Every structure is written in structure tokens, then in C-alpha cells.
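# Overview (structure and organization)
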Amino acid sequence: MLRTVICDLLGIQHPVFQGGMAHVGTAELVSAVSNAGGLGIIGCGYYEADWVRNQIGLTKQKTAKPFGINVPLTSPHTKEVIDVILREGVAIITTGAADPRPYIPSFKQAGMKIIPVISTVSAAKHMEEAGVDALVAEGMESAGHIGEITTMALIPQVVDAVKIPVIAAGGIADGRGLAAALALGARGIQMGTRFVCSTECIAHQRYKQKILEADDHATTVTGQTTGLPLRALKNSLTEQYAALEQAGITKEELNLFGEGRMYLGLIEGDTEEGSLLAGQIAGMINDIKPVKNIIDEVIAQAEKIIDSLRDYKGR
Ligand SMILES: Cc1cc2nc3c(=O)[nH]c(=O)nc-3n(C[C@H](O)[C@H](O)[C@H](O)COP(=O)(O)O)c2cc1C
């Protein structure tokens, strides 16, 4: 059975994380991933502390296995959300969007494992110096807010720069991606878009269907002018947003225009006016299936590839 140091560090069976995902990374998906031997991660998004407390409670009811929580540190509710997480005793936290260093002492005091999401080598080094336990290194193929470097180029550079385990994210949706990530020196993978197209994910059916219909060119990146680039499926919203960016409207006006669009797309299923976050690998995802099947197939395929490469003779 394919195991790595990250399995021992976190007490999980498979080196597979479900990325913390705003709106859709809820107890249903998180518990299914953890019960299947991966690491489910609650996505706090910009939800208030009460919502987060409720999701932690629901997840604990649905699984006795380890699970994590993701906090985008730019949330206006960050402080209250972190207080809830500390009080509820969640064992693993992934952070994004801002520097987690101010919070690290309290996470450590609570005995939590801290795993920031980073997209540059310099951020990886700073995080390691700050004493975090592992890193998710996310390439720009990913869904959602992204950096500038591809997974293929980022992972080996981060692996060379730090001693702590690195989890590869961005553009991974099957066992080939897991085997490739391990070959690049990662100790596990994090998938987002693949898990949206699972039976258990609460994402709207029309959004899931758009991912199934996507080809390799289906996503685009908006928000370059605001300093917060975001990858999503192309639709009327991304066209309008790009036009507004080109017209040079202010960051505040853009933020106002974008407000509520994720909920509209991901949960209400408005596939034209809502934001449909998805990574470039969406073009390869052709079915909706139970989380357990996704994880078992990823592991079995990676094991087969790793075995077959031993006898590889360039055929
Ligand atoms: C709907 C959706 C919402 C996301 N929200 C977040 C988030 O709130 N915080 C975060 O760190 N990453 C977020 N992500 C990124 C994922 O956690 C994951 O790292 C990424 O999807 C990996 O790339 P992939 O989609 O190519 O698998 C989101 C992704 C999706 C699809």
C-alpha cells in the first residue's frame, strides 16, 4: 500500500488531501474523504464563526478519522473563526491568502499540525523557518486563487528548498498525477476540482456538469489587476469581469461586482452569472462518482504506474 511520511504525520491511510474549498468543502465531502482514508478539509471561506462551529460539529458526527480545516486569512472573520477552531480542537489547519505567522504560536500551543498553502519557493522557506509541519505547494493550474508558477516547475524547487514534507496541488486528478507528484519529490497530493465532481460534494449539479463538459481550454484567469488572480471556467461572468478590468475600473468597484458570485455559481448553479471555480485539469474529468472510488482509483493507478516504471525500457 502506497504510504508516505505525511500518512504517519497526520494519521491518515492515503497521501491524498481534499483541498479546503469555499462553499463546497462542507461536512458531507470532508467526512467522505476522511472516511475513505484521505484528509478531508473543511473550507471556511469567508463564513462566520457560527457556520464554522456547525461544520466542525457535523464533520465530527460523520467521521472519527482525522480531518483538517482551511482558513483564508483575508476573511473579515479570521479572528473569531480561529478562536472557534482552537476551542473545537481541530487537529490540522491549512492556511492561505495571507501570512499565517501571527497565528502560529497559538496553533502550536493547541498541538495542531500547520500546513500553509504556498505558491513560491520564498514563501516555502519562510514558512519552514516559522516552524510549520508541512506545506501544500500549489501550481497555477489550480482552481481558485493562484500564483504564477506551474506545478511541474514549482514542486521540485520547493522540495529542494525545504526539509518538511511537501504536498503537490494543481492539475492533479488521477493516479498519473499522484505518481508524477511523488516523482517530483512531493509526499502527497491535494485535489480540488476532482472532488467537486464527487457524489458527496454539495456543489450544484449544473456546476458539476460544466466541469464534465470542460475541455483543456475551458478555464481562464481573472483578477490580475487586483493582485488576486482567480481561475474559473469561462462564462459570461469572466467575460464581463475581464472587460471591466480592461476598462480600468477601480479595485473597489471590481470587488463589488464580484461579491456573492461564488455562492451564485457553486451552490445556486447560475452557470453564466456565477463564478465556477475549476482548474485546468477539468478537461480530464468526465464522471461524477463516490469519493471512495475516486481515492481508491487514484491510489491503485499510481501504484500500478510506479511498479511498471521499474521495468520501463522506453517503449
Ligand atoms: C470550488 C473551489 C473552492 C476553493 N476554495 C479554496 C479556499 O477557500 N481556500 C484554498 O486554499 N483553496 C481553495 N481552492 C483550491 C483547492 O483547495 C485546491 O488547492 C485546488 O483546487 C487544487 O487544484 P485542482 O483544482 O487542479 O485540483 C478551491 C477550489 C475549488 C474548486
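A brief report on the enclosed structure follows. Here, residues in each chain are numbered from 1, in the same order as that chain's written sequence. Selection of residues for local features in this predicted model requires a pLDDT of at least 70, selection of side-chain atom pairs for listing and counting requires 80 or more, and totals for whole chains, interfaces and linings are taken over all residues. Values reported for side chains reflect all heavy atoms of the structure, with hydrogen atoms and water molecules removed beforehand.

### What about the site of the ligand?
When we say a residue is near a molecule or strand, we mean one of its heavy atoms is within 4 Å of it. Near the ligand you find 20 residues, and of these E138, G171, Q190, G192 and T193 are the closest. Under this definition, polar contacts are N or O atom pairs within 3.5 Å; protein pairs additionally need one hydrogen-donor-capable and one acceptor-capable atom, and for neighbouring residues in sequence, both atoms have to be side-chain atoms. Interatomic distance of 3.3 Å between a side-chain N/O atom of S142 and an oxygen atom of the ligand. Here an oxygen atom of the ligand sits 2.8 Å away from a polar atom, N or O, in the main chain of G192. Surface burial for the ligand is 92%, taken as the share of its 610 Å² of free accessible area covered by protein chains. Per-residue and other accessible areas follow the Shrake-Rupley method at a 1.4 Å probe size, with only the shown protein chains counted as cover for residues.

### With respect to the pairing of strand β11 (residues 230-233)
Taken together, the two bridges between strand β7 (residues 144-145) and β11 define a ladder with antiparallel strand orientation. Counterpart to H145 in the pairing with β11 is L230. When DSSP finds at least two bridges between two strands, those strands are taken to pair. Only DSSP runs of H or I covering at least 4 residues are called helices, and only runs of E covering at least 2 are called strands; the numbering of each starts at the N terminus. The pairing of strand β10 (residues 219-222) with β11 spans four bridges and is antiparallel. Of the residues in β11, the one forming a bridge with T222 is L230.

### What about the environment of R176?
Structurally, R176 can be placed in helix α8 (residues 175-183). Distance in space between the C-alpha atoms of R176 and V90 is 31 Å, their sequence separation being 86 residues. The contact criterion used is simple: two residues touch if any of their non-hydrogen atoms lie within 4.5 Å. If near-sequence neighbours (up to four positions away) are discounted, R176 is found in contact with M284, Q301 and I305.

### Observations regarding the sheet that holds β10
Each strand in a sheet pairs with another by means of backbone hydrogen bonds, the pair being arranged parallel or else antiparallel. The strand order across the open sheet formed by three strands is β7-β11-β10, and the pairing between neighbours is antiparallel. The sheet terminates laterally at β7 and β10, the two strands that pair on one side only.

### Focus: the pattern of salt bridges
Pairing is possible between side chains that carry opposite charge, provided their charged atoms lie close to one another. For salt bridges, the criterion is a side-chain nitrogen of Lys or Arg within 4 Å of an Asp or Glu carboxyl oxygen. Across all of its chains, the model carries 13 salt bridges by this definition. Note that D83 is salt-bridged to K79, the shortest N-O span being 3.3 Å. Taken as a pair, D83 and K79 lie in helix α4 (residues 78-88) at a separation of four residues, close to a single helical turn. D174 is the salt-bridge partner of R176, the closest N and O atoms lying 2.9 Å from each other. The network of salt bridges with common partners includes R194, D287, K289 and E297.

### Thoughts on α8
Type-normalised accessible area, obtained with a 1.4 Å probe on protein chains alone, sets the label of each residue: buried when under 20%, exposed when over 50%, and partly exposed for intermediate values. Of all the residues in α8, the buried ones are G175, G177, L178, A179, A181 and L182. Phi for G185, located one or two positions after α8, is positive at around 105°.

### A look at the sheet that holds strand β2 (residues 40-43)
Here we have eight strands laid out as an open sheet, ordered β1-β9-β8-β6-β5-β4-β3-β2, and parallel in their pairing. Looking at which strands have only one partner, the edges of the open sheet turn out to be β1 (16-18) and β2. Direction aside, neighbouring strands of the sheet carry axes that sit 25° apart on average. One ladder, built from three bridges, connects β1 with strand β9 (residues 188-191); its direction is parallel. Bridge assignment links V16 to a residue of β9, and that residue is I189. For helices, the fitted line uses only the C-alpha atoms of the stretch in contact; every axis is such a line through C-alpha atoms, and the angle between N-to-C directions lies from 0 to 180 degrees.

The values reported here are purely geometric and, on their own, carry no functional implication.
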